[in-house]
Each structure stands twice: as C-alpha cells, then as structure tokens.
Amino acid sequence: MFQEYLAASYLARQNDPLKIRELIERQYTNWREVCVLTGDVLFETNRTQMLWKLLDVLSDAGISQPKPIEISNWRSIWLAASILVEQKLQLNSLPADQKSVCEKLRSSFITLLGTSHILLPKERAEVGLALSMLGDIRSGVCIVDGKPEIAWCRIPAGDFTM
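Calculation notes
- Starting from 1, residues in each chain are numbered consecutively following that chain's sequence as written.
- At least 70 in pLDDT is required for a residue's local features to be given in this predicted model, at least 80 for side-chain atom pairs to be given and counted, and no such filter applies to totals for whole chains, interfaces and linings, which use all residues.
- With hydrogens and water excluded, all non-hydrogen atoms of the structure serve as input to the side-chain values.
- The convention used is that axes are lines fitted to C-alpha atoms, helices contributing only their stretch in contact, and that angles between N-to-C directions extend from 0 to 180 degrees.
- A run of H or I in DSSP counts as a helix once it spans at least four residues, and a run of E counts as a strand once it spans at least two, with each numbered from the N terminus.
- For any pair of crossing helices, the crossing counts as left-handed if the nearer helix is rotated counterclockwise from the farther one by less than a right angle, and right-handed if it is rotated clockwise.
- The contact rule is simple, with two residues in contact once any of their heavy atoms fall within 4.5 Å.
- In this classification, Asp, Glu, Lys and Arg are treated as charged, Ala, Val, Leu, Ile, Met, Phe, Trp, Tyr, Cys and Pro as nonpolar, and every other residue, Gly included, as polar.
- Expected span of a helix, by definition, is 1.5 Å for each gap between consecutive residues, and there is one gap fewer than residues.
- Residue exposure (1.4 Å probe, protein chains only): buried if accessible area is under 20% of the type maximum, exposed if over 50%, otherwise partly exposed.
- It is the directions from the helix axis to the C-beta atoms whose arc is reported.

*Asks:* Outline the packing of helix H6 (residues 96-113) against helix H7 (residues 121-134), listing residues and values.
*Replies:* It is the contact of H6 with H7, at a shortest axis distance of 10 Å, that shows an interaxial angle of 140 degrees. The hand of the H6/H7 crossing is left-handed. Along the contact surface, H6 presents Cys102, Leu105, Arg106, Phe109, Ile110, Leu112 and Leu113, while H7 presents Arg124, Val127, Gly128, Ala130, Leu131 and Leu134. A per-class count over the contact of H6 with H7 returns 10 nonpolar, 1 polar and 2 charged.

Structural data, given as structure tokens:
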C-alpha cells in the first residue's frame, strides 16, 4: 500500500487530472487504488480546488444517454463517486463552478446506474451512495416532502410466473 500512496502523492503534485483519468481508463486494475488515494492526498493537503478540478475532469468522461456507455468511461465516473464518498465533501453553499460539477456528476451517476450490466454490485452501491449525497432526483427513489416517492405500478390479478 505504501507504493500506491507514493504514486498517488506524485500524481497529486503533477496537477494533471487528465493523466489520472487516462490511467484509470487504460489500466484500471493497476491504477484503481492509486487514483482513489490521489483524492485522499489532495483532500488531506488542503488542495480542494485541485480535487474539484479532478472531479470535473472525471465527470467529463464522455457518457451520455443516447450512446452506450463504454467500459473505459464508467471507470472515471466510478472513480469520481468513490472520491466523493470517501472524502465526504461538504456540498452546502458551493461556488457556481463546483455546483456545475455536482450536476454533471449527478447526471453521469444516474446514467451509469441505469446501465445494469456495467457495474459490480459493490461499485453500484458506491455510485448510488454518491448519488444520494448529491440528491437523487429519480422518480421512485427520491424523497418528496419528507416521504419516499414510490413508483407504484398496477399488477393484474391472476396467475403469474416468477
């Protein structure tokens, strides 16, 4: 784990969030821990502006509703979720640029969670937790007036097969 921390410290000093996104997208298994630790290093060294810049770059990973999510793209979005959850970033009274990053992340998280075959269960849970921190606006999931907004559906009477 010490090697990963040293690599994360090095990446944090480079001020190049695109390099971090490139590493997580090209060699996920080798760089996963290092990239998450980079978020830790940035947070612990009070470089929150750089941390938000990293989240912004990760949120621009190129996923959108109309086209299918590429496996390399979801890794950046997962990394953003992981950093957001681990750092427990304060999301109250953010400047406009950070609010914009939160909106992009929320949209990306919703898209990613809507694609069931991409994430492992643990990763889905982490993205879901990050989405809840940002405010989950999906119908049937969100809270309205302090109560869950459940998406009910009619089920016809009669026999059915499970």
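*Asks:* Outline helix H1 (residues 2-14), supporting the account with residue identities and numerical values.
*Replies:* Taking 1.5 Å of rise per residue, the 13 residues of H1 would be expected to cover 18 Å, and the 19 Å separating its terminal C-alpha atoms lies within 8% of that figure. Looking only at H1, the buried set comprises Ala8, Ser9, Leu11 and Ala12. Down the axis, H1 shows its buried residues gathered within 165 degrees of arc, on one side only. With respect to the buried face of H1, the exposed residues turned more than 90 degrees away are Phe2, Gln3 and Arg13. On its buried face, H1 sits against helix H2 (17-26) and helix H3 (28-44).

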